[in-house]
2 protein chains.
Amino acid sequence: MGQLSVVIILFTFIRFFIFSNGGSLSESPHQGDYDKDKRLRKKQSSILRSSPPMPARSILARTYYNVETHPPESLDWLNVLVAQTVSQFREDARSNNNILHTLDKILNGDSLPSFLDTVHVTELDIGEEFPIFSNCKVFPCEDDPGRLEARIEVDLADSITLGIDTRLLLNYPTPLLAILPVSLSVSIVRFSGQLTMSLKTTPPSSNSDRKTSLTFSFAPDYRLEFSIRSLVGSRSRLQNLPKISQLVESQIRKWFVERCVQPRFQEIQLASIWPRRKNTREAFSSRNN
Amino acid sequence: MGQLSVVIILFTFIRFFIFSNGGSLSESPHQGDYDKDKRLRKKQSSILRSSPPMPARSILARTYYNVETHPPESLDWLNVLVAQTVSQFREDARSNNNILHTLDKILNGDSLPSFLDTVHVTELDIGEEFPIFSNCKVFPCEDDPGRLEARIEVDLADSITLGIDTRLLLNYPTPLLAILPVSLSVSIVRFSGQLTMSLKTTPPSSNSDRKTSLTFSFAPDYRLEFSIRSLVGSRSRLQNLPKISQLVESQIRKWFVERCVQPRFQEIQLASIWPRRKNTREAFSSRNN
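Only a predicted model underlies this, so the values are computations on that prediction, with no experimental measurement involved. (Residues numbered from 1 in each chain as written. Chains lettered and ligands numbered in written order. Predicted model: local features only at pLDDT ≥ 70, side-chain atom pairs only at ≥ 80, totals over all residues. Heavy atoms only, no water.)

Caption draft 1: Highlighting the pattern of salt bridges. Inspection of the entire model under this criterion finds 18 salt bridges over all chains. Across the pair glutamate 129 of chain B and arginine 62 of chain A runs a salt bridge whose closest N-O atoms are separated by 2.7 Å. One end of the pair, glutamate 129 of chain B, is in the loop between strand S2 (120-125) and strand S3 (132-140); the other, arginine 62 of chain A, is in helix H4 (residues 56-62), on a second chain. Glutamate 129 of chain B sits in the partly exposed class, given a relative accessible area of 26%. Arginine 62 of chain A sits in the partly exposed class, given a relative accessible area of 23%. A salt bridge links arginine 151 of chain B to glutamate 149 of chain B, with the nearest nitrogen and oxygen atoms 3.1 Å apart. On the basis of relative accessible area, glutamate 149 of chain B is assigned to the buried category, the value being 9%. Three or more residues are tied together by salt bridges with common partners; here these are Glu142, Glu149 and Arg151 of chain A. (Salt bridge = Lys/Arg side-chain N within 4 Å of Asp/Glu carboxyl O. Helix = DSSP H or I, 4+ residues; strand = E, 2+ residues; numbered from the N terminus. Buried < 20%, exposed > 50% of the residue type's maximum accessible area, 1.4 Å probe, protein only.)

Caption draft 2: Seen up close, the packing of aromatic side chains. Residue and element names in this part refer to chain A. Tallying each qualifying case throughout the model produces 10 aromatic pairs over all chains. Summarising the aromatic geometry, the rings of phenylalanine 218 and phenylalanine 256 are spaced 5.7 Å apart at their centres and angled 40° between planes, so their arrangement reads as tilted. Taken together, the positions of phenylalanine 218 in strand S6 (residues 211-218) and phenylalanine 256 in helix H7 (residues 242-260) put the pair 38 residues apart, joining distant regions of the chain. The pair formed by phenylalanine 218 and phenylalanine 256 is uniform in burial state, with each residue classed as buried. (Phe/Tyr/Trp six-rings, centres within 6.5 Å; stacked < 30°, edge-to-face > 60°.)

Caption draft 3: Expanded view of the confidence of the model for chain A. All names here are of chain A. Across chain A, pLDDT averages 77, with 74% of residues at or above 70. Considering each helix and strand of chain A separately, the mean pLDDT is smallest for helix H2 (residues 23-27), with a value of 43, and largest for strand S3 (residues 132-140), with 92. Ignoring residues within four places in sequence, the model shows residues 22-33, a span with pLDDT below 50, making 13 contacts including any to other chains. Overall, residues 277-289 carries pLDDT values under 50, and its contacts beyond four positions in sequence, including any with other chains, amount to 4 contacts. Confidence metrics for the complex model read pTM 0.73 and ipTM 0.72. (pLDDT = per-residue confidence, 0-100. Contact = heavy atoms within 4.5 Å.)

Caption draft 4: Representation of the pairing of S6 of chain A in the model. All names here are of chain A. With 8 bridges joining them, strand S5 (residues 178-202) and S6 adopt antiparallel strand pairing. Note on S6: the bridge partner recorded for leucine 195 is phenylalanine 218. The pairing of S6 with strand S9 (residues 266-270) spans 5 bridges and is classified as antiparallel. Bridged to threonine 212 within S9 is leucine 270. (Pairing = 2+ DSSP bridges.)

Caption draft 5: Quick peek at the pairing of strand S5 (residues 178-202) of chain B. All names here are of chain B. The buried fraction of S5 is high, at 18 of 25 residues. Note that strand S4 (residues 148-170) and S5 share 20 bridges and pair antiparallel. Residue pairing in the sheet places threonine 166 in a bridge with valine 182 of S5. As paired strands, S5 and strand S7 (residues 223-232) are joined by 10 bridges and run antiparallel to one another. Paired with serine 185 across the two strands is arginine 229, which belongs to S7.

Caption draft 6: How the structure looks around helix H5 (residues 76-94) of chain A. All names here are of chain A. Helix length check: H5, at 19 residues, gives a terminal C-alpha distance of 27 Å against a target of 27 Å (1.5 Å per residue), a fit within 8%. Counting buried positions along H5 yields 14 of 19 residues, so the element is predominantly enclosed. Among the residues trailing H5, asparagine 96 stands out with phi positive, at a value near 55°. (Expected span 1.5 Å × (residues − 1).)

See the structure below:
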């Protein structure tokens, strides 16, 4: 009897003292939820204060980096990880001749001009050395001091070769009047340069959200060395015409300079983590097309 | 007349000496293509020699990294870049209260038990400091010497706070018998530990391609400090019950240990660059479901 009274007293205490009355919720839960939602929305601005974007100066101060005095850092650990990734990439490229099929599609794509016969890959070497990164240093961006960029020296001594075989078709004055066999082999034997990496943010506008992208480019004093062999004609083959080597080399250099050499840069869009209604819509519309 | 004869001689020379006869292609171009395709397929294996996967030893030798003697490297430049990314992430999280909406969805998701009322976020601080990485070193993986891993020390002293308000509903013996208001605020004030990162490859099997993933985990001697405040009951609020703090802290620690602390690790699948027919199929089937 004594135990029961203790339990009853304890229950009464808990019921009326600690717990609040359940009635308040059961009366009109939806109205209550609605009110709470409204209250929540009003309060949201105070829950999470929106501070201005942090300037580069504060970021440098909070990471204890002084751009004036900090010595360049070595990147030996990064070289090992990049080498592992590249080694993995090469295995993937070699398995099932993936890279040959991909190259075949690219070389014989829609843009193949009518005077060119099918292009065959005769030689392919994707190399076995790895890029060596060194002397990494952070600087404020020259054309936008609010941005920070990392400058890294890159060096690659390898032999990356692509050899192709094709035939030039002379279609004038009559179709297939003559055929000129051409063999070409291009090797990249050395690349060194200064890589600049930075994060770029475009502020949100009326028709787009804020976008973050990783940009990279090479300084204009890069060094790119080729070894080019050419073989033209069928009966007495003309070997290693210097004109053809120069033409191919200048085309590759132009292609590279137009894409990756300062003031031009490559921009890789980084996906925003926050799911956005607009992105969903775009995905749906592209799926229907 | 002399000029014309020179042109004719030159044309004849080029036509018969350098160019081959167009007839060979026009006779049966498809048959020729087919033969060439067959020849190409036979030759593919010789064009691109498939070398065995490069062992960790060779990768270390080619990147000039001696695991025995190499000193740990500083990562100050990485700290700056990570800080920029985190700062960007925080801006994204704050804009349009993205993080509040996401948290609201997670906290009030399908798994909300019946004895819990709607959870409201009352306090949120996503911090303003940045993680500091240091002393990076490459080691061979302990349980797989063929793999390499990078070990990095991480330190974060910040105040990352989440405060919530909810009500425990006592539905027994009758529904909504009583309601117990609960307020809880959890802050992470310090984290330090050793991060291990590595690339892991699963060899290709009959029903799956080779898969590469980035794994990361923390050493068991990590340090994680909390500050937890609780507020239970309605009339005489019981503040900072040590039992509740301990319960919450042990739950968070358990969550973390079960996911990221050695021998457990997180694995992020890396996409293969080579387009594969199987991947396409999977994408189609999931789209139809």
